[in-house]
Amino acid sequence: MTNSEPLLDVRDLSVTFTRKGGPSVRAVDGVSFTVRPGETVGLVGESGSGKSVTSLAVMGLLPRRGVQVGGQVAFDDDDLLTLPRDRMRDIRGRDIAMVFQDPMSSLNPVVPIGIQVTEVLERHQDLKGDTARAAAEDLLSRVGIPDPARRLKEYPHQLSGGMRQRALIAMALACRPRLLIADEPTTALDVTIQAQIIELLKELVQDTGASLVMITHDLGVVAGLCDTVHVMYSGRIVESAGRRELFAQPRHPYTGGLLASVPRLDAPRGAPLHPIPGSPTDVLRWSRGCAFAPRCPNRIEPCTDGPPPLESIGGRSLRCLNPLTETEEVATR
Amino acid sequence: MSLSEVEATTESEQVEQAAGNLRKEAWKRLRRDPVALVGFALIAFFVLVAIFAPLIAPYAPDAQPGRGMITPTNIPGPSADHWFGLDASGRDEFSRVVYGARQSLLVGVVATLIGMAGGLLLGTLAGAFGGKVDAVVMRIVDVMLSIPGLLMAIAIAALLGASLWSVMIAIAIINVPVFARLLRGQMLAQRGSDYVLAAVSIGVRRRPIVLGHILPNSISPVIVQATLTLATAIIEAAGLSFLGLGSADPRVPEWGRMLADTQRYLASAPHLAFFPGIAIVVAALGFTMLGERLREAIDPKYRR
Amino acid sequence: MNDQTSAASAEKRASSDGLLSVRGLEVHFPIRSGIIIERQVGAVKAVDGVDLDIPRGATVGLVGESGCGKSTLGRAILRLVEPTAGTVTFDGTDLGALAGEELRRMRRQLQMVFQDPMASLDPRQNVQSVISEPLRAHGVGGDHRARVRELLDLVGLPASAANRYPHEFSGGQRQRIGIARAIALEPQLIVADEPVSALDVSIQAQVVNLLEELQDRLGLTYLVIAHDLAVVRHIADIVAVMYLGGLVEQAPSDDLYATPLHPYTKALMSAVPIPDPAVEDARQRILLQGDLPSPADPPPGCRFHTRCPFRQPTRCADERPALRTVAGHPATHRVACHWAEDIEAGRIQPAAEAVIEPDPAPDPAT
């Protein structure tokens with residue numbers, strides 16, 4: 001499976017927001033990653049890391065005005081960034097689908113769920129009338145919505161948050177996409193509901209063979225779900241690795257810092273937390289050095305001389321001049 | 001290294017960049033906004049005219065330099081001696097329009113201030129106490145709003161007798177419910193906010209919570225409304241004077257009254273309607289322009 | 001080793017004198033209907049009969065999902081919402097009996113930290129004014145500037161912060177300001193409602209550590225309300241688990257983690273993701289069906305029975321279980337389940353469809 005051609009190949013993606021009368025902001029800065037068929041890839045980062053903008057750029061959902069997008073996003077033989085709008089619209093929904101954090105704002109509040117789901121089926125699958133309705137019912141029951149015939153007649157506000165997210169996933173799955181991008185799909189949900197949704201996503205990936213890009217701030221979610229993990233900070237990938245390698249031995253001080261700062265349910269009580277000092281807004285411009293340098297416990301002199309390159313070491317990619325060593329315990333200051 | 005040190009050093013840069021509170025931000029926007037600047041310039045112009053009227057006007061408002069030259073069919077229009085022409089009594093129209101700025105601005109400002117004060121009082125009562133007080137106050141406000149404003153102003157002014165004060169009070173009263181309702185809505189929204197709950201949990205007394213937290217955070221739209229009300233008050237004052245409910249004193253010219261006086265000569269002397277009319281429109285426009293842009297600067301909801 | 005000592009200290013704390021005692025607390029919000037004459041047509045039973053004890057100097061964690069009533073419980077304890085029934089006794093004083101000025105003075109002793117640090121600070125107040133407000137409200141004399149500097153130092157902010165406004169700070173720093181305000185009057189109890197959930201992951205630990213540090217320095221007692229079981233387990237000596245208006249389990253933190261007795265606690269724990277693939281792959285998950293029922297119309301009997309994978313045909317649907325001790329567990333560990341013993345012994349197994357066994361294949365990629 002790992003040897004197959006990538007389904008999605010993001011090359012040197014950059015997104016710059018230009019503002020009238022203000023400095024332009026580079027939200028995504030030379031991000032490259034691939035997604036193979038059937039693979040689950042995690043993009044992890046805090047607010048401002050550029051993880052969501054990356055997904056919007058891939059989907060072609062960024063506004064055209066005030067945004068400059070560079071690089072390539074190869075899907076099949078197309079570059080999604082240069083594709084005409086109507087071709088992109090066809091691919092979106094049919095081949096690539098997206099699930100957002102807030103299911104309420106992704107659904108039309110004045111249209112019953114059923115019509116919204118059947119619409120997708122009619123548009124992309126050429127199903128009509130009763131066939132489409134039956135297919136919609138089938139979809140809802142597949143994502144674990146009980147009594148789907150009744151639910152189809154309900155409006156989004158009549159469903160709970162978890163049910164809405166399921167309905168949205170049902171819509172995303174309506175056309176059997178080959179790639180599903182989920183942007184913080186469980187952040188707005190309670191933890192028991194989150195577990196249901198993640199379990200659902202896992203099953204769907206297994207059953208349909210689709211690829212999944214999971215965008216989240218929650219390392220725990222990634223740990224149980226993703227094959228490959230990319231950690232982003234301030235618009236760039238700082239570390240990429242298989243999830244086992246990454247969690248067993250984080251090399252980038254940011255990855256290590258994140259792991260050391262979240263309380264673990266299974267950690268012995270009294271185990272101290274080691275927070276990362278400062279806040280995600282304390283960044284250096286990448287052009288001046290490592291963006292994480294202001295908060296980094298491993299900072300050395302050259303870190304602020306220029307941007308550190310992304311290098312491949314031992315099966316992972318790492319953007320750090322002074323990484324955590326193999327044996328070093330996660331940064332304790 | 002302690003956390004605080006790191007935060008203090010690394011964040012100082014950020015904080016400085018983000019510096020400038022909401023009000024400064026609004027002010028900055030206003031200063032760069034041509035419409036607001038034009039509005040402000042117009043208002044400043046009329047205020048200066050009102051203040052320096054005796055220096056600007058060549059004649060006293062009740063002087064009749066053209067007496068004897070006037071017949072009902074021959075009222076001279078603008079000329080080198082009389083820029084805006086003469087009126088039916090032979091008075092210099094330019095001088096009267098200049099002095100008229102005093103009355104119109106005075107009525108507008110005083111009526112708005114009284115109306116705002118009344119609205120603030122009712123709105124604060126309703127917004128701060130809620131419950132029964134709120135219900136009673138708001139029903140009164142609803143009743144007031146259900147009567148057409150100008151009709152009510154006419155009734156009030158008629159009841160109080162024709163005078164400058166009755167015009168001001170009438171206009172003030174019709175604007176009270178507007179302010180009361182606006183403020184109450186703002187205050188109710190603020191009342192449910194976390195920082196008010198925080199103040200309660202600290203043990204701050206009710207009065208400082210209302211006056212120190214809720215009111216200051218609710219007042220911005222009221223200020224904006226006041227600027228807009230000034231514009232309508234000037235027009236309403238002109239309207240009431242036009243109907244003969246303002247001061248009849250010839251020494252205190254008022255634009256609305258001047259308009260009313262020209263009715264009979266409209267065909268022969270259109271300049272008598274033109275100049276006071278323009279003055280009313282331009283003054284009101286100045287306040288409206290500033291008020292609208294002030295609203296946009298303060299409240300991001302209105303930004304385009 | 002570490003485990004045992006902390007458990008012992010928790011037990012010691014728990015057995016010491018109580019600071020706050022909640023008995024039979026109910027908060028029902030009326031649902032009214034009607035256009036002219038409003039009638040009460042029902043009630044949202046946000047808190048429906050809660051007993052809770054908070055020992056002096058301890059941290060009690062209250063955990064539950066959104067809509068379970070945990071925030072309302074916290075606010076009712078502080079009398080920020082009026083309880084419908086029940087008593088809250090603080091340091092020997094019945095808070096319910098206080099009103100007006102007496103209640104206001106009592107607030108010195110009980111303070112609150114809010115979830116959203118931006119919303120809980122008046123945007124027009126500078127930090128000096130925010131932190132000194134409690135001092136002014138209670139007529140505390142002395143040099144307020146010096147006191148504010150001292151408090152800022154305690155929460156790890158520079159003295160220069162005093163002249164700045166809330167919007168000039170980052171989320172974590174704002175939360176520090178909120179905490180400085182809460183400790184300004186040297187209260188005995190602080191109710192922290194989701195103190196870290198609005199913060200970025202890397203910042204959360206800063207605030208958790210600060211709360212712990214302040215507790216040691218100032219001898220504070222905490223009620224920490226959170227949805228994140230991992231955070232609560234980390235910070236709390238005693239954890240109370242809330243579901244749909246009532247407590248379902250209460251135990252010293254380590255006991256709860258080692259042997260959760262209530263099915264809901266088990267499900268909650270198995271749902272919390274752990275940032276460790278080895279652990280994640282080997283875990284057995286208990287998935288709950290459906291959603292939280294409406295607190296306006298809670299199910300009869302055990303509130304949890306509609307979603308419980310261990311539900312039994314008898315008792316569950318018609319008899320509301322009370323918190324009780326279970327043989328073989330310390331008296332501080334109490335659970336509200338009729339079948340706790342049988343579930344623990346394995347005589348009752350969860351419904352098969354609710355259990356997700358760990359992946360048999362270790363890693364398809366390798």
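Not measured: the values here are computed from a predicted model.

Section: the overall build of chain B
A count of helical and extended segments in chain B gives 13 helices and zero strands. For chain B, the N- to C-terminal ordering of α and β elements is α-α-α-α-α-α-α-α-α-α-α-α-α. In chain B, which comprises 304 residues, the share counted as buried stands at 48%. A separation of at least 24 residues holds for 73% of the contacts in chain B among residues at least 6 apart in sequence. Total accessible area on chain B is roughly 14800 Å²; 66% of this is exposed by carbon and sulfur atoms.

Let's talk about the overall build of chain C
Across its full length, chain C holds twelve helices and 14 strands. In terms of overall size, chain C behaves like a compact globule, its C-alpha atoms giving a radius of gyration of 22 Å where 366 residues would be expected to give roughly 21 Å. Counting only C-alpha atoms and orienting by the principal axes, one finds that chain C spans roughly 65 × 65 × 45 Å. Within chain C, the fraction of its 366 residues that count as buried is 55%. The contacts of chain C with a sequence gap of at least 6 include a subset with a gap of at least 24, amounting to 65%. Total accessible area on chain C stands at roughly 14100 Å², and carbon and sulfur atoms take up 51% of it. With 36 positive and 47 negative side-chain charges, chain C shows a spacing of 6 Å between the two charge centroids.

Some thoughts on the pattern of salt bridges
If you walk through the whole model with that rule in mind, you get 44 salt bridges over all chains. Between D147 of chain A and R150 of chain A there is a salt bridge, with its nearest N and O atoms 2.8 Å apart. Measuring nitrogen to oxygen at the nearest pair gives 3.3 Å for the salt bridge that ties R147 of chain C to E150 of chain C. Linking R147 of chain C with E150 of chain C, this pair stays in helix α5 (residues 144-154), spanning three residues, or about one helical turn. The exposure class assigned to R147 of chain C is buried, which follows from its relative accessible area of 16%. Of the residues examined, E150 of chain C reaches a relative accessible area of 45% and is grouped as partly exposed. Beyond isolated ion pairs, a larger network of salt bridges with shared partners links D76, R94, D95 and R178 of chain A.

Quick notes on the confidence of the model for chain B
Model confidence for chain B is summarised by a mean pLDDT of 81, while 90% of its residues fall at 70 or above. Of all helices and strands in chain B, the one with the weakest mean pLDDT is helix α1 (residues 3-18) of chain B (32), whereas helix α9 (residues 194-202) of chain B scores best (92).

Overview of the packing of aromatic side chains
For any pair of aromatic rings, the description consists of the separation of the ring centres together with the inter-plane angle of the planes. Evaluation of the coordinates by the stated rule reveals twelve aromatic pairs over all chains. Above the ring of W286 of chain A, the side-chain terminus of R319 of chain A is found at 5.6 Å from the ring centroid.

Focus: the interface of chain B and chain C
On the chain C side, the residues contacting the 27 residues of chain B number 34 residues. Summing both sides of the interface, chain B and chain C together bury roughly 2700 Å²; the carbon and sulfur share of this comes to 54%. At the surface where chain B touches chain C, the tally comes to one salt bridge. Of the charged contacts, one joins E101 of chain C and R205 of chain B as a salt bridge, the two residues approaching to 3.2 Å between their closest N and O atoms. Run the count over chain B and chain C and you get ten residue pairs in polar contact (both at pLDDT 80 or more). Grouping the amino acids of the side of chain B that touches chain C by side-chain chemistry returns 13 nonpolar, nine polar and five charged.

Structural notes on the pairing of strand β1 (residues 8-17) of chain A
All names here are of chain A. Most of β1 sits inside the fold, with seven of its ten residues counted as buried. As defined by bridge partners, β1 adjoins strand β4 (residues 67-75) across eight bridges and the pair is classed as antiparallel. Bridge pairing links R11 to Q72 in β4. Two elements, β1 and strand β2 (residues 25-35), share seven bridges in a ladder whose sense is antiparallel.

Digging into a nonpolar patch on the surface
Residues and elements named next belong to chain B. Side chains of V47, L48, I51, F52, L55 and I56 sit close together on the surface and give an oily, nonpolar patch of about 560 Å² of accessible area. Among the elements that take part in the nonpolar patch, helix α3 (residues 34-51) stands out by supplying three residues, more than any other. Relative to the helices and strands, L48 resides in helix α3.

Some thoughts on the sheet that holds strand β3 (residues 40-44) of chain A
Residues and elements named next belong to chain A. Read across the open sheet, the eight strands follow the order β6-β7-β8-β3-β9-β10-β12-β11; overall the sheet is mixed. Strands at the two margins of the open sheet, each flanked by one partner only, are β6 (96-99) and β11 (311-313). Taken pair by pair, the neighbouring strands of this sheet meet at an average axis angle of 20°, ignoring direction. Pairing of β6 with strand β7 (residues 179-183) involves four bridges; the strand directions are parallel. Looking across to β7, one finds that I96 is bridged to L179.

What to know about the interface of chain A and chain C
Opposite the 45 residues of chain A that make contact, chain C presents 48 residues. With both chains or domains summed, chain A and chain C bury close to 4300 Å², and 57% of this area falls on carbon and sulfur atoms. Applying the counting criterion to the chain A and chain C interface returns four salt bridges. One can count 15 residue pairs in polar contact (both at pLDDT 80 or more) joining chain A with chain C. Of all the secondary-structure elements, those providing two or more residues to the side of chain A that touches chain C are α8 (191-208), α9 (219-225), α10 (243-248) and α11 (253-261) of chain A. Per-element accounting of the side of chain A that touches chain C gives the leading share, seven residues, to α8 of chain A. Grouping the amino acids of the side of chain A that touches chain C by side-chain chemistry returns 22 nonpolar, 13 polar and ten charged.

As for helix α5 (residues 129-142) of chain A
Residues and elements named next belong to chain A. With 14 residues, α5 should cover 20 Å at 1.5 Å per step; its first-to-last C-alpha distance of 20 Å lies within 8% of that length. Within α5, the full set of buried residues consists of A132, A136, L139 and L140. End-on, the buried residues of α5 take up no more than an arc of 95°, which puts them together on one face. In the core, the buried residues of α5 are packed alongside α4 (113-125), α6 (148-151) and α7 (161-173). Just downstream of α5 lies G144, where phi reads positive at about 85°.

Describing the side chain of D237 of chain C
Mapped onto the secondary structure, D237 of chain C falls in the loop between α8 (229-235) and β9 (238-243). Engagement of the side chain of D237 of chain C in a polar contact is seen with the backbone nitrogen of T59 of chain C, the distance being 2.7 Å.

Concerning helix α7 (residues 149-160) of chain B
Residue and element names in this part refer to chain B. Under the 1.5 Å per step criterion, the end-to-end length of α7 is 16 Å for twelve residues, consistent within 8% with the ideal 16 Å. Regarding α7, the residues found buried are M152, A153, I156 and A157. Across the axial projection of α7, the buried residues extend over an arc of 130°, all falling on one side. Facing away from the buried side of α7 by more than 90 degrees, the exposed set consists of L151 and L159. Each element contacted by the buried residues of α7 is listed here: α6 (131-146), α8 (164-191) and α11 (220-242).

Section: the packing of α3 of chain B against helix α13 (residues 271-298) of chain B
Residue and element names in this part refer to chain B. Relative to each other, α3 and α13 sit at 135°, their axes nearing to 7 Å. Between α3 and α13, the crossing angle belongs to the class labelled oblique. By crossing handedness, the relation of α3 to α13 is classed as left-handed. Only A279, V282, A283, G286, F287, M289, L290 and R293 of α13 make contact with α3, whose side of the interface consists of V35, A36, V38, G39, F40, L42, I43 and F46. Looking at the contact of α3 with α13 residue by residue, the classes come out as 13 nonpolar, two polar and one charged.

Focus on unusual backbone geometry
We note that D12 of chain A has phi near 50°; this positive angle belongs to a residue other than glycine. Within the secondary structure, D12 of chain A sits in strand β1. Given the relative accessible area of 49%, D12 of chain A is considered partly exposed. Unlike most non-glycine residues, E194 of chain C shows phi in positive territory, near 50°. With respect to the helices, strands and loops of the structure, E194 of chain C is situated in the loop between β7 (189-193) and α7 (201-218).

So, how was this worked out
- Residues numbered from 1 in each chain as written.
- Chains lettered and ligands numbered in written order.
- Predicted model: local features only at pLDDT ≥ 70, side-chain atom pairs only at ≥ 80, totals over all residues.
- Heavy atoms only, no water.
- Helix = DSSP H or I, 4+ residues; strand = E, 2+ residues; numbered from the N terminus.
- Buried < 20%, exposed > 50% of the residue type's maximum accessible area, 1.4 Å probe, protein only.
- Contact = heavy atoms within 4.5 Å.
- Areas by Shrake-Rupley, 256 points an atom, 1.4 Å probe, with all protein chains shown as cover.
- Rg over C-alpha atoms; globule rule 2.2 N^0.38 Å.
- Lys, Arg positive; Asp, Glu negative; His and termini not counted.
- Charge placed at Lys NZ, Arg CZ, Asp CG, Glu CD.
- Salt bridge = Lys/Arg side-chain N within 4 Å of Asp/Glu carboxyl O.
- pLDDT = per-residue confidence, 0-100.
- Phe/Tyr/Trp six-rings, centres within 6.5 Å; stacked < 30°, edge-to-face > 60°.
- Lys NZ or Arg CZ within 6 Å of the ring centre and 35° of its normal.
- Buried area = accessible area lost by both parts, 1.4 Å probe.
- Polar contact = N/O pair within 3.5 Å; in protein donor to acceptor, adjacent residues only side chain to side chain.
- Nonpolar A, V, L, I, M, F, W, Y, C, P; charged D, E, K, R; others polar.
- Pairing = 2+ DSSP bridges.
- Patch = residues over 30% accessible without salt bridge, like charges linked within 9 Å, V, L, I, M, F, W, Y side chains within 5 Å.
- Axes fitted to C-alpha atoms, helices over the stretch in contact; angles between N-to-C directions.
- Expected span 1.5 Å × (residues − 1).
- Arc of directions from axis to C-beta.
- Parallel < 35°, antiparallel > 145°, perpendicular 65-115°, else oblique.
- Left-handed = near helix turned anticlockwise from the far one by under 90°.

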